[in-house]
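Residue-level structure breakdown
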Amino acid sequence: MIHDSRLPQTPPSSTYVKELAIVHKALRLASDRIQKLVSEGLIIQTKPDGSPVTNADVEVDGVPGEHLLEAFPEDGGLSEERPDHPSRLKKTRVWILDPIDGTKPFTSSLPQFTISLALIDRGQLALGMILNPATREYFSAIQGGGASLNGRRLHSLSQKILTSSIEDRPTFLVSRGSLPRNFLKEWKASAQCPPILGSIAYSLAMVASGRVDGVINLGFQHEWDIAAGALIVQEAGGLVLDRHQRPLSLNQPHPMVEGIIAVTPHAFPLIERFLQSMP
C-alpha cells in the first residue's frame, strides 16, 4: 500500500524557503513512519464521535509539529489529534495539520488518504501541502506563487473549458449526505456526481490537478481537513467558497467551516444554478 516515500523537491521560492525545506523533511519522515507502522500492523480505535483513529494518526501528528515548532517556536498550531488551545488565536502564524485525512480508506488499504498541512500567516493562507504517501503525489502551493504537483506547476484551471457534451459532462465529487436526495437526482442530468473521496483534502487536490471539475460538501468541515487543499485549489486558478458562497475564514475560535465548494471558474455557474435550486 505504501511506496517509497522520497518526495520530489518543491521549486525554490523567494519566500518561505526555510519553511518549505522543513516541511519537506517532516513530511518525508512522517511518510516513512506510516510505512513502518503499516508493516508492523495498525492499532485501530474509535473516537467518542464514532470515527476511527489509528496509532499512525497519533504518531504522525508529532512529526511535523516537532520539526516546525522547534524551528519556529513563536508559531501556533492546530491539529485534529491534539487538544486545541486558544493561545493560537494570538499568534501571527499558525500551522494547521491533519496527520491522516481519510483514516477509513487508510485502514482499508485504499490509496485515498493524505497528510495535510497549511500555514496561516497574518490571517491569510500562506502555504498548503498535501502528501498522499500511497501514490507519492505531493501537492503544494504558496500564496501568490502558484500550485504544483511533484514539483511541476499545475496549469491554471481558469483555462479549462466546460463542455456541454452529454458524454463529457462535468464531474463534481459530491458529499451525498449533505444534499437532499431529490436535488442530487436533478443535478445528475447536467453533471456526473460520484461520491466525494474518503479524504476531503485529496478530493480538493483532484480539483487543483484538473481531474475533476469541482467538490461539493455542504456539511460542516474542520479547518484541518480543508485548509491546505483550499490554497492549492486557489493557486491552481480555482474558486473556493463556503456553502453560502463566501470566502473561507480560517484560524477561527471554533475551527469549523460551513461547507466547502471548490470548483473551476468555468464550472462555477453550473454549481451556482444547482445551489439556487435548493431551499
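Preceding this section is the structure that the text describes.
Summary of the structure given here. (Residues numbered from 1 in each chain as written. Predicted model: local features only at pLDDT ≥ 70, side-chain atom pairs only at ≥ 80, totals over all residues. Heavy atoms only, no water.)

1. Re the nonpolar core
L125, F139 and L204 are the most contacted members of the largest nonpolar core, which totals 39 residues. Of all the secondary structure elements, the ones that give two or more residues to this core are β4 (93-101), β5 (114-121), β6 (124-132), β7 (137-142), β8 (146-149), α5 (200-208), α6 (223-235) and β13 (256-263). What L204 contacts, discounting residues up to four positions off in sequence, is V215, I226, G229, A230, V233, I260 and A262. Core analysis: the second largest hydrophobic core is formed by 27 residues, L37, V60, W95 and A134 among them. (Core = buried A, V, L, I, M, F, W, Y, C linked by side-chain atoms within 4.5 Å. Buried < 20%, exposed > 50% of the residue type's maximum accessible area, 1.4 Å probe, protein only. Helix = DSSP H or I, 4+ residues; strand = E, 2+ residues; numbered from the N terminus. Contact = heavy atoms within 4.5 Å.)

2. Examining the pairing of β8
Burial along β8 is two-sided: G146 and S148 facing one way and A147 and L149 facing the other are all buried. Here β7 runs beside β8; their pairing, made up of four bridges, is antiparallel. Of the residues in β8, the one forming a bridge with A141 is A147. Remark: three residues form the turn of the hairpin made by β7 and β8, two consecutive strands paired antiparallel; G144 in that turn has positive phi of roughly 80 degrees. Bridge count between β8 and strand β9 (residues 152-153): two bridges; the pairing is antiparallel. Counted as the bridge partner of S148 is R153 from β9. Linking β8 back to β9 in an antiparallel pair, the connection comprises two residues, with N150 at a positive phi of about 50 degrees. (Pairing = 2+ DSSP bridges.)

3. Considering helix α7 (residues 268-276)
Within the sequence span of α7, burial applies to F268, L270, I271, F274 and L275. Along the long axis of α7, the arc covered by the buried residues comes to 160 degrees, so they all point the same way. In α7, the exposed residues that point more than 90 degrees away from the buried face are R273 and Q276. Close packing links the buried residues of α7 with β10 (172-174), α4 (181-187), β11 (214-222), β12 (239-241) and β13. (Arc of directions from axis to C-beta.)

4. A closer look at the packing of α5 against α6
Between two packed helices, the angle of one axis relative to the other and the distance separating the axes together describe the packing. Viewed as axis vectors pointing N to C, α5 and α6 meet at an angle of 5 degrees, and their least axial separation amounts to 8 Å. It follows from the interaxial angle that α5 and α6 lie roughly parallel. Counting all contacts with α5, which are made through I200, A201, L204, V207 and A208, the residues of α6 involved are D225, I226, G229, A230, I232 and V233. Classifying every residue of the contact of α5 with α6 by side-chain character gives nine nonpolar, one polar and one charged. (Axes fitted to C-alpha atoms, helices over the stretch in contact; angles between N-to-C directions. Parallel < 35°, antiparallel > 145°, perpendicular 65-115°, else oblique. Nonpolar A, V, L, I, M, F, W, Y, C, P; charged D, E, K, R; others polar.)

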